[in-house]
Protein chains: 4
Amino acid sequence: MTYEVKSLNEECGVFGIWGHPDAAKLTYFGLHSLQHRGQEGAGILANDQGTLRRHRDTGLLSEVFRNPLNLEKLTGSSAIGHVRYATAGEASVDNIQPFLFRFQDTQFGLAHNGNLTNAQSLKSELEKNGAIFSSTSDSEILAHLIRRSHNPSFMGKIKEALNTVKGGFAYLMLFEDKLIAALDPNGFRPLSIGKMSNGALVVSSETCAFEVIGAEWIRDVHPGELVIFDENGITYDRYTDDTQLAICSMEYIYFARPDSNIQGVNVHTARKRMGAQLAREFKNQADIVVGVPNSSLSAAMGFAEESGLPNEMGLIKNQYVQRTFIQPTQELREQGVRMKLSAVSGVVKGKRVVMIDDSIVRGTTSRRIVKLLKEAGATEVHVAIASPALAYPCFYGIDIQSREELIAANHTVEETCEIIGADSLTYLSVEGLIDSIGIDTDAPNGGLCVAYFDGKYPTPLYDYEERYLESLNEQTSFY
Amino acid sequence: MTYEVKSLNEECGVFGIWGHPDAAKLTYFGLHSLQHRGQEGAGILANDQGTLRRHRDTGLLSEVFRNPLNLEKLTGSSAIGHVRYATAGEASVDNIQPFLFRFQDTQFGLAHNGNLTNAQSLKSELEKNGAIFSSTSDSEILAHLIRRSHNPSFMGKIKEALNTVKGGFAYLMLFEDKLIAALDPNGFRPLSIGKMSNGALVVSSETCAFEVIGAEWIRDVHPGELVIFDENGITYDRYTDDTQLAICSMEYIYFARPDSNIQGVNVHTARKRMGAQLAREFKNQADIVVGVPNSSLSAAMGFAEESGLPNEMGLIKNQYVQRTFIQPTQELREQGVRMKLSAVSGVVKGKRVVMIDDSIVRGTTSRRIVKLLKEAGATEVHVAIASPALAYPCFYGIDIQSREELIAANHTVEETCEIIGADSLTYLSVEGLIDSIGIDTDAPNGGLCVAYFDGKYPTPLYDYEERYLESLNEQTSFY
Amino acid sequence: MTYEVKSLNEECGVFGIWGHPDAAKLTYFGLHSLQHRGQEGAGILANDQGTLRRHRDTGLLSEVFRNPLNLEKLTGSSAIGHVRYATAGEASVDNIQPFLFRFQDTQFGLAHNGNLTNAQSLKSELEKNGAIFSSTSDSEILAHLIRRSHNPSFMGKIKEALNTVKGGFAYLMLFEDKLIAALDPNGFRPLSIGKMSNGALVVSSETCAFEVIGAEWIRDVHPGELVIFDENGITYDRYTDDTQLAICSMEYIYFARPDSNIQGVNVHTARKRMGAQLAREFKNQADIVVGVPNSSLSAAMGFAEESGLPNEMGLIKNQYVQRTFIQPTQELREQGVRMKLSAVSGVVKGKRVVMIDDSIVRGTTSRRIVKLLKEAGATEVHVAIASPALAYPCFYGIDIQSREELIAANHTVEETCEIIGADSLTYLSVEGLIDSIGIDTDAPNGGLCVAYFDGKYPTPLYDYEERYLESLNEQTSFY
Amino acid sequence: MTYEVKSLNEECGVFGIWGHPDAAKLTYFGLHSLQHRGQEGAGILANDQGTLRRHRDTGLLSEVFRNPLNLEKLTGSSAIGHVRYATAGEASVDNIQPFLFRFQDTQFGLAHNGNLTNAQSLKSELEKNGAIFSSTSDSEILAHLIRRSHNPSFMGKIKEALNTVKGGFAYLMLFEDKLIAALDPNGFRPLSIGKMSNGALVVSSETCAFEVIGAEWIRDVHPGELVIFDENGITYDRYTDDTQLAICSMEYIYFARPDSNIQGVNVHTARKRMGAQLAREFKNQADIVVGVPNSSLSAAMGFAEESGLPNEMGLIKNQYVQRTFIQPTQELREQGVRMKLSAVSGVVKGKRVVMIDDSIVRGTTSRRIVKLLKEAGATEVHVAIASPALAYPCFYGIDIQSREELIAANHTVEETCEIIGADSLTYLSVEGLIDSIGIDTDAPNGGLCVAYFDGKYPTPLYDYEERYLESLNEQTSFY
């Protein structure tokens, strides 16, 4: 039996604010700039002097808050918000965050970006002891751990709970009198702290949210750290010292917004350097560079500058496609109807094209784009990928398909090149990737998690361990 | 009294198809690729063996057809569709096209892109004779003229009507047994003909629609031409020989999609050449090139290549902004909340930036972007516009604000530069523009209408004449 | 070939007000009480010092104005409104009234309740002369006649137009400086005038609207009359003296609301008298009286009182059924799932029931209700109809199905009784109907149109004449 | 400090089915007939061979299932459903039932009609032990008790939990392999069992649901009983023998549908008998009887028959009012705009009216209706209430306002009569009520709970005890 990693869990975005009369509105605008991190659902929870109110629903943020009253009712000076990634599974509103836990004596909210590796064991144990979960999400577990902790102090309960969960997590917790942010011991997920001119404190998955609301970046949250916003301002605390930075390299490669800085590195600039490095590693002849819009445009800029080849708009993405309810039928698709991407024959006709993309997952998209470019008249299409070959799943919060579906887990570069119909295929080297990103750290792999490329996970895999090892035995690895 | 040109009328997009069992669906996909030409409303009218059915509504195409039944009911093998630009005025569904005219003996549909210059006179005359209009749009006039023509033949009536209306127009008319496309004598608006592999004939405002549905371009419709699709295939006819090509240069500058070809010229390529030419005309020192997304990215590519400066992603447009129902309040805006565009400080900090934009209308947007860049740390911002200064209104179908509101109609380049807070301001020359586009024609101005830049209109202005002359007397022209 | 009278046209409701700062809101509340007269669509047109604004859409009034902004934008001190009946045909928003006609020099609105008998001829003639209609409704014709009239005076044009149209009509016309109500020469449709305590003038299809807005009834509009509301208050005028009252008896029988008064007669009271008279004409033995809810409850009260039998709630109508989007499938229906009406076995078991209904159209509903009652344990079901047998179509504004579908046009009373499975069937006599209503008039048939029962139409049938006579030849009439 | 009973909790409706391929659809139709029991929200949970799926939302059932896909996805042969009453408080979807509890090893659903009297104590205790509740509803408590029970057997856990909760409850629980219904030891809430022709078993708050889906009534669930539907058919079990029937008399008075039978008594018939008894207790002279629609029409029938006075439709309820989004402003209300109820002056003018209503809560509605009738011309209005004076709150599931707001808790009959502006006021006696209902039982008060009228509660009040006694001390009771 082959091992199938089912839609591993979600990548998401979180945002929190403390000390601003328009807390919920600013959370809205902050989340709006994080919308690329999750489109399945969104929610905001606000705290008005101890009264927590929430609105959440499935859909884009703008749909969830189409009725402005749903935002206006969220009064108060602190708030947390969440955007949720579209997983294949259950799009139930029960799973949309922030979660709100109400007790007879208190209440608190919780938003989570990441994936726990020991969620299944913890959930089993808790249920055996009478716990009832209101969602199928792992994110609720922390609340149960906090409530069941026998540690006498409030912060003690929270630290105990944070030391119990394993994996990747950036948590925001909104209590009646404080907002707490916590990051996992490897800092797998990005999380930054900022300040507004009126003194309000903010925390966000990405710094692009700070630009949007006019906040100034203070610093990124450290692995194993607890950051508390309350009436005393910011307090930094730790729940563990056993930490080592291993931030998700996919954030730099395709996930984060180009205007965000992560660990002090601007994402666009990192991508441009990856493109330039890719140009240096590229061994073929070509006439023009064409980036696949929108995520590969930075890398294409870097490749073009380094190679001296002209950078051209040889592929156009229809900006309105995202919300289209009517799709071509299979029949129409076969007749050539395509909605998302067009190749510009006026640009690529008669040219040898270097097609730059950020990554290849199953290979089907790459094959389709190569075909588009050739039909539009490109004489050669050389595919250059601004990251190494993606051959292993992620267990820390990015939804990478099963190994079975990853083309690089099952095929050599040459085979992949043939499958996608390209004239050549070049991946960026792992070293090239690490150098291009260039975080200022002494941690291994330049402070990055590159397990998707080399299968070396920075932590034990807990509940995933056994099944993962099985899967490796059943497949030949090419990397 | 100053003359105010009120939101002159709409720029729109039209699409038609003849001879395909999925006519309405293909019209949907065709219109989808024309969505950038109009977001106020959309409609499709299909002909099922003489029975015309229509669905139209305000909103984006995907909203208008959110319920798939509204598309499925549009059976038949021919169809026309329309997307409508958001004018300031009345967003009534009555004004959404295609219009459907039903008579006891027949029925026909009409879609119009453009603006008539003698609409007011014609409407007055018709109303004096008992005509009742169902919309406030000028587009209905043609139907009244056809129905009231005393010419004995069907085509005679249509030609008579087309010779009566003046200005810019691309009409699609769907009759029970034919589809007719007609273009004004100057070819102000683009209109192209294509063919699908099954023999179906298509006509579209832009060729990008052909890419999407897998159709092949045949040729553009000529000024003064009538193109008939019916059971005999295509027939070319003319309603006048008094023609001269003067296609709208703004289509190349900012309106059309980069993957469209107009008069044989690819729009992206033309823009890139404008950028390159702009680089040659630019006289200042800078470190990096930053295009204003999305419309100026082609010009920025051309500028960067020609100048040798690196092309950087110094401005980010939030791709989700378009459908957001909640906007920052004035108070929040003053606190720095901005939703549409962010400057990337990691990219522009400490740099002398050439900011490339396609045009300046009122100057307020340019001032805001210059400010964003400087706040993000740019040491100098040199604004370079990939078109000449916009100083005169359009009467042929593009909604350019009143002269009063056009900054270049009221200020010198130096004054404008100061108003927008730039370190320098460079406009592309009119000659540079014409050369960059490079249509293969002997017509004056290279076959382009450049009246927005030089005030020399290729036709009489009819109903607009008097008010236009008044407006000139009241203002000093700087060009 | 048999003659099929296709969904003859609509029954509707109109309301108008002049001289109140909340004109549109009061029109909303007035129309709300007229909602039973039409559920397909609704619209309101308001006049704010010469600027006419309108909102209309398909659906119930409350759905059309779900967004309160659509009502709030209708500022001004006069307004007209319309609710439209659900016809089988085209539920297009183009057909929803009031119509709004905009000209370069003026504008006016129009709302119509009724049906024209010469619409087809007039439309043909107008179209031959170049007219274009924006709807498939007959109601627009009047506007074209007014605009094309060569009569030099404004009121002259209107009178000429009103003398040209034939059939049943109650028109409301809202001009920039006046509101005009006009009724056909037979007064087929009800139309009443009222006054509010602040002096505002109102006009409505039914007086129940006056109760709702706190207005006082003045009098009903006379046949052939024109009533003008303007700055001078009310003016009464006439466009013809060739009149004779023949108000639709179906208004009393089932259409109007029981709390309305028509021609001075309260509808509930008239129905109760019909029930009492029906009891006198009824020849059978029974234990209890059961009215079919809701329209037959008044008649059941009258029948019970006159007969001395107890009036029981043996049938229950689900009050929430009307807006249910999910209907039982055929399979579920066969298994006994029924949503609209339930028989109360606790009430009817072991009883001989007189089932009172207002009318029988096709007989299918009656058959179903008889079956329900018998399944619930009724030992006998005697059907007593509080109106005569419906055997002829209506051409003046009520949507009575074709003769072919009218059970009484094709079957004797005995046959009908057998078809519907009743133990006896009794219709009210035409004389009994006329006496029960008892309008204070000398006009024939007590001022009522009873053509549905005796086939004697009070006017020529114009466009319907020929086809109607044909239909009679093909069928045996039983009355 | 006065004791305020805040919107005590909800009255709701439940429906369940076992063994039918269209389980969810039949639940829809069953709930549809129970819609009068709750309009705030609705939900259905279906069991497809162990997989539980649910859809729930705020609004009417038809709104919740406007999109038919939400019903179609609920496949499986068993289902439970719930309609929820509009409480003043939180209309959050989290509180909409059925609840769905998912565990790693199993899952089950729960729907609850009633109110627990020891909810607060139980919740405190559970939370102290780490429980987290996902709603603010009391209904979830049972699930926590079941999961935490140490009883080794499945049924043992359930029985233990049912013996722990106190108050009024009708529970439906849907497990992977069975559906369990349970009723509280006093049978406060109605719950009946039925069977369809294909053998499917059903359970419903009211028997009217059986009529709608064509099911046959078997019997009502007994107090303290557990009814299990599974592959073996029906099993009857008990969790306690300490029971005594005290069914809510308000179900007969106004809450249940007239076509339902409760404890073998038809609701319409009971109401008619209450009306007849009220006529015998009534001591005044009058001309006509007018029932307040719709809930008092049965009582009015009985009163009219017993008294010999004619029963008239003197008040009309607008059937469309319920879903209107636009309400008269205060200003318009003062001008006389009223949407819900109209008095029919043609009926009541000059008459001495007996106005029959089912109950008086605050008196404000009665005062308004008396005023309406007098303004419409009634010379005298004698108010006759078909139930005793409502002077005490309910703790078992009906939302009766606080004692402070109950007019009969604070005023004598004479004072009340004066406040509502009536010429006389007559309440039905408690004995008259009990006799009119006439359940076949030896239990005290004829098996009814009449605590609202006499303050004698059939059980201890637990969490409510202390506050209730306080409230009594502060007010003078008049009954």
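About the thresholds
Residues numbered from 1 in each chain as written. Chains lettered and ligands numbered in written order. Predicted model: local features only at pLDDT ≥ 70, side-chain atom pairs only at ≥ 80, totals over all residues. Heavy atoms only, no water. UniProt positions renumbered as here; feature names shortened; annotations may be inferred. Helix = DSSP H or I, 4+ residues; strand = E, 2+ residues; numbered from the N terminus. Rg over C-alpha atoms; globule rule 2.2 N^0.38 Å. Buried < 20%, exposed > 50% of the residue type's maximum accessible area, 1.4 Å probe, protein only. Contact = heavy atoms within 4.5 Å. Areas by Shrake-Rupley, 256 points an atom, 1.4 Å probe, with all protein chains shown as cover. Least-squares fit on C-alpha atoms with pLDDT ≥ 70 in both. Polar contact = N/O pair within 3.5 Å; in protein donor to acceptor, adjacent residues only side chain to side chain. Pairing = 2+ DSSP bridges. Axes fitted to C-alpha atoms, helices over the stretch in contact; angles between N-to-C directions. Buried area = accessible area lost by both parts, 1.4 Å probe. Salt bridge = Lys/Arg side-chain N within 4 Å of Asp/Glu carboxyl O. Nonpolar A, V, L, I, M, F, W, Y, C, P; charged D, E, K, R; others polar. Phe/Tyr/Trp six-rings, centres within 6.5 Å; stacked < 30°, edge-to-face > 60°. Lys NZ or Arg CZ within 6 Å of the ring centre and 35° of its normal. Parallel < 35°, antiparallel > 145°, perpendicular 65-115°, else oblique. Left-handed = near helix turned anticlockwise from the far one by under 90°. Patch = residues over 30% accessible without salt bridge, like charges linked within 9 Å, V, L, I, M, F, W, Y side chains within 5 Å. Lys, Arg positive; Asp, Glu negative; His and termini not counted. Charge placed at Lys NZ, Arg CZ, Asp CG, Glu CD.

Chain A is annotated in an unreviewed UniProt entry as Amidophosphoribosyltransferase of Streptococcus koreensis. UniProt lists a comment for chain A under the heading Function (unreviewed entry), and it reads "Catalyzes the formation of phosphoribosylamine from phosphoribosylpyrophosphate (PRPP) and glutamine." Of the comments in the UniProt record for chain A, the one headed Sequence similarities (unreviewed entry) reads "In the C-terminal section; belongs to the purine/pyrimidine phosphoribosyltransferase family."

Undergrad: Quick rundown of the overall build of chain A? Include the residues and the values.
TA: Scanning chain A from terminus to terminus reveals 18 helices and 24 strands. Taking 2.2 N^0.38 as the reference for a compact globule, 479 residues should give roughly 23 Å; the C-alpha atoms of chain A span a radius of gyration of 23 Å, in line with that estimate. Across its three principal directions, the C-alpha atoms of chain A cover 70 × 50 × 50 Å. Put simply, chain A has 479 residues, and 64% of those count as buried. Considering only contacts within chain A whose residues lie at least 6 apart along the sequence, 69% involve residues at least 24 apart. Summed over all atoms, the accessible surface of chain A reaches about 16,500 Å², with 46% contributed by carbon and sulfur.

Undergrad: Describe the relation of the copies chain A and chain D, listing the residues and the values that go with them.
TA: For the pair of chain copies, the relating operation is a rotation around an axis with a shift along it. Once turned by 180° and shifted 0.0 Å along the axis, chain A lies on chain D with an RMSD of 0.0 Å. The two molecules are tied by a two-fold rotation axis, judged by turn and shift. By residue overlap, the copies meet face to face through one surface: 100% of the interface positions of chain A are interface positions in chain D.

Undergrad: Summarise helix α6 (residues 154-164) of chain B; cite the residues concerned and give the values.
TA: Residues and elements named next belong to chain B. For α6, the complete set of buried residues consists of G156, I158, A161 and L162. Contacts from the buried residues of α6 go to α5 (141-148), β7 (167-174), β8 (179-183) and β12 (225-230). Regarding α6, its N-cap is S153, as a side-chain oxygen of that residue lies 2.8 Å from the backbone nitrogen of G156 further along.

Undergrad: Residue-level account of the sheet that holds strand β1 (residues 12-18) of chain C, with values.
TA: Residue and element names in this part refer to chain C. Pairing in this open sheet of seven strands is antiparallel, and the strands run β3-β2-β4-β1-β10-β9-β11 from one edge to the other. Edge positions in the sheet fall to β3 (51-58) and β11 (216-220), since each has one partner strand and no second. Direction aside, the axes of adjacent strands within the sheet are offset by 15° on average. Across four bridges, β1 lies against strand β10 (residues 201-204) in antiparallel orientation. Within β10, the position partnered with W18 by the bridge is L201. Together, β1, β2 (41-48) and β4 (78-84) form the strand contacts of helix α1 (residues 23-33), whose direction differs from that of β4 by roughly 25°.

Undergrad: Tell me about the interface of chain D and chain C, and please be specific about residues and values.
TA: The interface is formed by 62 residues belonging to chain D together with 63 residues belonging to chain C. Interface area lost by chain D to chain C is led by M313, Y320 and I326 of chain D, which between them contribute 13%. At the junction of chain D and chain C, the tally comes to two salt bridges. Viewed at the interface, chain C and chain D are joined by twelve residue pairs in polar contact (both at pLDDT 80 or more). Of the residues in the side of chain D that touches chain C, the class split is 27 nonpolar, 24 polar and eleven charged.

Undergrad: Could you give me a rundown of the relation of the copies chain D and chain C, with the residues and numbers involved?
TA: When chain D is fitted onto chain C, the two copies agree to an RMSD of 0.0 Å after a turn of 180° and an axial shift of 0.0 Å. When the interface residues of chain D are mapped onto chain C, 100% of them are again interface residues, pointing to one common binding face.

Undergrad: I'd like a rundown of the interface of chain A and chain D, residues and numbers included.
TA: The partner chain D presents 25 residues to the 24 residues of chain A that form the contact. Together chain A and chain D conceal approximately 2,100 Å² of surface at their shared face, both sides included; 44% is due to carbon and sulfur atoms. It is R102, Q104 and I132 of chain A in chain A that bury the most area against chain D; as a group they hold 35% of the surface buried on that side. One can count six salt bridges joining chain A with chain D. A salt bridge links R54 of chain A to D94 of chain D; the shortest N-O distance between them is 2.7 Å.

Undergrad: Could you give an account of the packing of aromatic side chains, naming the residues involved and the relevant values?
TA: All names here are of chain A. Counted by the stated rule, this structure contains 72 aromatic pairs over all chains. Seen from their ring centres, F395 and Y468 are 5.7 Å apart, and the 80° between their planes marks the pair as edge-to-face. You can see F395 sitting in the loop between β22 (380-385) and α14 (407-410) and its partner Y468 sitting in helix α18 (residues 465-474), a full 73 residues away along the chain. Just as F395 is buried, Y468 falls in that class too. The side chain of K123 reaches across the aromatic face of F133, ending 4.9 Å from its centre.

Undergrad: So what about the sheet that holds strand β22 (residues 380-385) of chain D? Which residues, and what values?
TA: The strands making up a sheet associate through backbone hydrogen bonding, with each pair oriented either parallel or antiparallel. All names here are of chain D. As summarised here, the arrangement of the five strands in space is β18-β17-β21-β22-β23, forming an open sheet in which the pairing is parallel. Strands at the two margins of the open sheet, each flanked by one partner only, are β18 (311-312) and β23 (424-427). Bridge analysis of strand β17 (residues 288-291) against β18 gives two bridges, and the strand direction is parallel. From the neighbouring strand, V289 faces β18, where its bridge partner is N311. On the sheet, helix α15 (residues 413-420) packs against β22 and β23 and is oriented at approximately 125° with respect to β23.

Undergrad: Give a detailed account of the environment of E72 of chain A, specifying residues and quantitative values.
TA: All names here are of chain A. Considering the arrangement of structural elements, one finds E72 in helix α3 (residues 69-72). A relative accessible area of 46% means that E72 is categorised as partly exposed. Along the primary structure E72 and S134 are separated by 62 residues, whereas in three dimensions their C-alpha atoms are 26 Å apart.

Undergrad: Any chance you could break down the UniProt feature "active site" (unreviewed entry) in chain A for me, citing the residues and the numbers?
TA: According to UniProt, the positions carrying the feature "active site" (unreviewed entry) are C12 of chain A. Relative to the assigned elements, C12 of chain A resides in strand β1 (residues 12-18).

Undergrad: Residues and numbers for the pairing of strand β6 (residues 107-116) of chain B, please.
TA: All names here are of chain B. Counting buried residues along β6, ten of its ten residues qualify, which places the element largely inside the surrounding structure. Alternating positions in β6 separate into two faces, Q107, G109, A111, N113 and N115 on one and F108, L110, H112, G114 and L116 on the other, with burial throughout. Note: strand β5 (residues 99-102) against β6, four bridges, orientation antiparallel. Bridge pairing in β6 places F99 opposite L110. Turn length for the β5-β6 hairpin, with the two strands adjacent in sequence and antiparallel, is four residues. Looking at chain direction, β6 and β7 are connected through eight bridges and run antiparallel. Residue pairing for β7: A111 is matched across the bridge by L172.

Undergrad: A description of the pairing of strand β8 (residues 179-183) of chain A should follow, citing residues and the corresponding values.
TA: If a strand is regular, its side chains alternate between the two faces of the sheet. Residues and elements named next belong to chain A. Counted residue by residue, β8 has five buried out of five residues, so it is predominantly covered. Here β8 shows a buried face lined by L179, A181 and L183 and a second buried face lined by I180 and A182. Between strand β7 (residues 167-174) and β8, which follow one another and run antiparallel, lie four residues. By the bridge criterion, four bridges tie β8 to strand β12 (residues 225-230) in an arrangement that is antiparallel. Across the sheet, the residue bridging to I180 is I228, located in β12.

Undergrad: Just give me the short version of the packing of α5 of chain B against α6 of chain B, but keep the residues and values in it.
TA: All names here are of chain B. It is at 8 Å that the axes of α5 and α6 come closest, and there the two elements cross at 135°. As judged from the angle between their axes, α5 and α6 are oblique. Considering the relative orientation of α5 and α6, their crossing is right-handed. From α5, L142, L145 and I146 reach across to α6, where they touch K157, I158, A161, L162 and T164. Of the residues belonging to the contact of α5 with α6, the class tally is six nonpolar, one polar and one charged.

Undergrad: Tell me about the packing of helix α9 (residues 267-281) of chain D against helix α10 (residues 297-307) of chain D, and please be specific about residues and values.
TA: Residue and element names in this part refer to chain D. Running from N to C, α9 and α10 point in directions that differ by 45°, and their axes come no closer than 6 Å. Between α9 and α10, the angle falls in the class oblique. The handedness of the crossing between α9 and α10 is right-handed. Within the contact between the two elements, α9 uses H268, R271, K272, G275, A276, L278, A279 and R280 and α10 uses S298, A299, M301, G302, F303, E305, E306 and S307. A per-class count over the contact of α9 with α10 returns six nonpolar, five polar and five charged.

Undergrad: Describe a positive patch on the surface, listing the residues and the values that go with them.
TA: A contiguous patch of positive charge on the surface is contributed by K317, R333, K340 and R368 of chain A. For K317 of chain A, the position within the fold is in strand β19 (residues 315-317).

Undergrad: Could you give me a rundown of the arrangement of the chains, with the residues and numbers involved?
TA: For chain A and chain C, which are not in contact, the least C-alpha distance works out to 11 Å. Taking C-alpha atoms only, the smallest gap left between chain B and chain D, which are not in contact, amounts to 11 Å.

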